[in-house]
Every structure is written in C-alpha cells, then in structure tokens.
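These are the residues of each chain, in order.
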Amino acid sequence: MMILVLGIFTSGCENREAEEKTIHTYFDLKGLIENKIVYLNERKPKVTKTIILNGKKEVSSTTKIDWKKELELFVQADINKPAFKNSYSTIKKSAAELEYVIKNGEDLNVRSLRIKMDTLQKQPYSIQALIKSENKIYKSEKYIELTFSNKNNEWQPVSYSVKGYQKLLMMDPKSFDIAAKIGL
C-alpha cells in the first residue's frame, strides 16, 4: 500500500514539474491572471463597479468578490493552448507592445490579444483582448481590458473592463459596458 501511495505522489510531482517546464508559444496570460487572483483573494480590495446594460447604469462597491469568476474572461482569453500553436500571427509593435492576431482561416473566439509591457521590469501594464462568438442563433462580441500599476515595486491590477453586445436570433442586440476600479 505504501508503495502505491508513494508512486501516486511521485507521479503527481512529475506532472507538476512537466507543467512548470511547459514552453509557451505566446504570452502566458492564464498564469498571470491565476497569480493575480491569488493576490486579490488575499488582499480583498474594495472594487467600485459601474455597469451599463442597454443604457441603464448601476454603480456598486464591495470587497466581496469571487476573483476567479470575476476574471474568468481574461483566463478564457489565454491563447497558449497546444492546438492554437500556429493560429495567431505575432506583431511586435514596439519593445513595449506585442499583439497576437488570429490568422485568416482560423475560427477561434479570441480574435486578438494585445499586451503592453513596462520595458524596464518586463511586466504588463495593459492587457486587451477581442473575443467574438457566433453561430446560427447567437452572436456576441466582447472587448476586455485589464490594467496594472506599479505600487511599492509590485505590479498590481487597478482596473478592468468588459464592453460589447450579445444578440440572439430574432431579438435586438443587448449592449453592456462594465468598468471596475480596484482600490488597493
């Protein structure tokens, strides 16, 4: 029995080591966001969120945020999947700005991902993505942005936004604009 448990433990360690050694084709957005989720869960900052749905505005503030759920769209915008390895063109706009754009003929939801970096510390200060989804009965488009600021030599998320629309067949499009400021 002890050998079986030891074998499972060793196997688990090997899998973790293999994951850590994974070479990413594109920027590791998922890793960054998961790291920031842990950071935000520990600090429980106050978030002021403005939501506009079809022209109706609502503002709220809270410290009770499920960060995994709140930042899920940014995790979904990660394009570092083995199947996507040749699906995006990399455009280096400058030493501080990198953009991944979906290649012609590819049918993936993330159409573009733009990373703006601090050139000295090699840390992102802005992440933007365009996510589109479409089938015979549904169409949606989301433009998402997450911004960071360097406070006390640590890059912290300071705001995020999601803008776009959803449209069901035979119905008018429903627009939304969500903007949140994180008070750290």
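We now turn to the structure provided with this report. Counting from 1, residues in each chain are numbered in the order their sequence is written. Where totals are concerned, whole chains, interfaces and linings use all residues; where local detail is concerned, this predicted model gives features only for residues with pLDDT of at least 70, and gives and counts side-chain atom pairs only at 80 or more. The side-chain quantities take in all heavy atoms of the structure and omit both hydrogens and water.

## Overview of the overall build of the chain
- Scanning the chain from N- to C-terminus turns up four helices and nine strands.
- If you list the helices and strands of the chain from N to C, you get α-α-β-β-α-α-β-β-β-β-β-β-β.
- Residue exposure (1.4 Å probe, protein chains only): buried if accessible area is under 20% of the type maximum, exposed if over 50%, otherwise partly exposed. Of all 184 residues assigned to the chain, the portion counted as buried reaches 32%.
- Long-range contacts, defined as pairs at least 24 residues apart, comprise 42% of the intrachain contacts of the chain with a sequence gap of at least 6. Counting from the N terminus, the helices are DSSP H or I runs at least four residues long and the strands are E runs at least two residues long. Every residue pair with non-hydrogen atoms within 4.5 Å of one another is taken to be in contact.

## Here's the deal with the pairing of strand S7 (residues 138-151)
- Paired strands are those between which DSSP finds at least two bridges. Here nine bridges tie strand S6 (residues 123-134) to S7, and the two strands are oriented antiparallel to one another. Within the sheet, the bridge partner assigned to Ser133 lies in S7 and is Ser140.
- Following S6, the chain reverses through three residues before pairing antiparallel with S7.
- Here S7 runs beside strand S8 (residues 154-168); their pairing, made up of 14 bridges, is antiparallel. Counted as the bridge partner of Lys151 is Glu154 from S8.

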